Amino acid sequence: MKDQKTIRRDGQVLEALPNTTFKVKLEDGKDILAFLSGKMRLHRITILPGDRVTMEMSPYDESKGRIVYRLK
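Values in this document were obtained by computation on a predicted structure and should not be read as measured data.

1. So, the nonpolar core
So, step 1. Grouped together as the largest cluster of nonpolar side chains are 13 residues, with contacts concentrated most on Phe22, Val24, Ile47, Val53, Met55 and Ile67.
So, step 2. For this core, the secondary structure elements donating two or more residues are strand 2 (21–26), strand 3 (31–36) and strand 4 (52–57).
So, step 3. Discounting chain neighbours no more than four positions away, the residues touching Ile67 are Phe22, Val24, Ala34, Phe35, Leu36, Ser37, Met40, Val53, Thr54 and Met55.

2. What to know about the environment of Lys5
So, step 1. Of note, Lys5 is situated in the segment before strand 1 (7–17).
So, step 2. C-alpha of Lys5 to C-alpha of Glu56: the two residues are 51 residues apart in sequence and 9.8 Å apart in space.

3. Here we look at the side chain of Thr54
So, step 1. If you trace the backbone, Thr54 turns up in strand 4.
So, step 2. By relative accessible area, which is 9% here, Thr54 ends up buried.
So, step 3. Apart from residues lying up to four places away in sequence, Thr54 is in contact with Arg8, Arg9, Asp10, Arg66, Ile67, Val68, Tyr69 and Leu71.

Quick notes on the rules
Residues numbered from 1 in each chain as written. Predicted model: local features only at pLDDT ≥ 70, side-chain atom pairs only at ≥ 80, totals over all residues. Heavy atoms only, no water. Core = buried A, V, L, I, M, F, W, Y, C linked by side-chain atoms within 4.5 Å. Buried < 20%, exposed > 50% of the residue type's maximum accessible area, 1.4 Å probe, protein only. Helix = DSSP H or I, 4+ residues; strand = E, 2+ residues; numbered from the N terminus. Contact = heavy atoms within 4.5 Å.

On their own, these measurements won't tell you what the molecule is for.
Now the structure itself:
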C-alpha cells in the first residue's frame, strides 16, 4: 500500500464534526470530508476550525482525505 501515489493538498478546516472528522476547504475551493491520521490521534494533536492543514488523498476518491499535518 505504501507504493501507491497519494495526493497531498493544503486546506483550511471549516467545521469540526463528530468522531474526529472535519470539513475542509481546499485551496482550489472544493469542500471535502477529512479525518485525522493515526499518529495525530496518538499524540493528541488538537485541530480547531480555522487551522491550516496538509492532507493526503487517494487518487481514486478525491472527496475524502486524511489530515497528516497541522500547519502553523
